[in-house]
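Read off the chains here:
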Amino acid sequence: MVTAFQQRVYDAISTIPRGKVSTYGLVAGHLGCNCAQAVGQALRRNPYAPRVPCHRVIASDRTLGGFSGKRSGPQLRRKRRLLVKEGVVFRPDGRVDPACVHRFSRRPRDP
DNA sequence: AACCTGACGGACA
DNA sequence: CTGTCCGCCAGGT
């Protein structure tokens, strides 16, 4: 079942353009709460993948975070490959270039 | 309703 | 730099 909260998460990340990424924390802030962990949980259960681009959400330190329910392993390489293909730049240390982090313009919650 | 579990994040040793 | 600890909050049991 898709809850209202999950729907809001999916809506939010669907606005992240190709070649850009966001973080669990930024998405949470965009939704108006300090619930990065809950955002992660929503993405983990994303039933709309890959229509909803959950691979464009990474951790706040700009490491990859998780994908397909896993935080390491071959799934993560796939996530990375997808992002590279979309134009996201990775630094030598494996983190995403800060310039590729998307900035949400408006908040749907109390502007 | 109580309790447990995270694709988290920031603070601190 | 790495490893712990703790607050966070939605969702499942």
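It should be emphasised that the depicted structure is a prediction, and the values quoted were computed from it without experimental measurement.

(A) Looking closely at the protein's contact with DNA strand B. Taken together, 14 residues are adjacent to DNA strand B, and Tyr24, Leu43, Arg44, Ser60 and Arg71 come closest. Counted by atom, the contact set of DNA strand B within 4 Å of the protein is 49% sugar and phosphate. In the environment of DNA strand B, a phosphate oxygen lies 2.4 Å from a nitrogen or oxygen atom belonging to the side chain of Arg44. Between DNA strand B and Gly66, the relevant distance is 3.2 Å, taken from a base nitrogen to a main-chain nitrogen or oxygen of the residue. Of the residues in the surface near DNA strand B, the class split is 5 nonpolar, 7 polar and 2 charged.

(B) Summary view of the nonpolar core. With 29 residues, the main nonpolar core has Val9, Ile13 and Leu43 as its most contacted residues. Listed by contribution, the elements that provide at least two residues to this core are α1 (4-13), α2 (24-31), α3 (36-44), β2 (57-58) and α4 (74-86). Setting aside chain neighbours within four positions, we find Val9 in contact with Leu31, Val39, Ala42 and Leu43.

What counts as what
Numbers given to residues run from 1 along each chain, matching the order in which its sequence is written. The lettering of chains begins at A and the numbering of ligands begins at 1, in the order of writing. Only residues with pLDDT of 70 or above have their local features reported here, since the model is predicted, and side-chain atom pairs are shown and tallied only from 80 upward, although totals for entire chains, interfaces and linings are computed over all residues. The side-chain quantities take in all heavy atoms of the structure and omit both hydrogens and water. A molecule or strand has a residue near it when one of that residue's heavy atoms lies within 4 Å. In protein, a polar contact means a hydrogen-donor-capable atom and an acceptor-capable atom, both N or O and within 3.5 Å, with residues adjacent in sequence counting only if both atoms are side-chain atoms; elsewhere, any N or O pair within 3.5 Å suffices. Under the convention adopted here, Pro, Cys and the residues Ala, Val, Leu, Ile, Met, Phe, Trp and Tyr are nonpolar, Asp, Glu, Lys and Arg are charged, and Gly plus all remaining residues are polar. Residue types Ala, Val, Leu, Ile, Met, Phe, Trp, Tyr and Cys, when buried and joined through side-chain atoms within 4.5 Å, form a set referred to as a nonpolar core. Exposed residues in this analysis have more than 50% of their type's maximum accessible area, buried residues have under 20%, and partly exposed residues fall in between, with area computed by a 1.4 Å probe over protein chains only. A run of H or I in DSSP counts as a helix once it spans at least four residues, and a run of E counts as a strand once it spans at least two, with each numbered from the N terminus. Contacts: residue pairs with any heavy atoms within 4.5 Å of one another.

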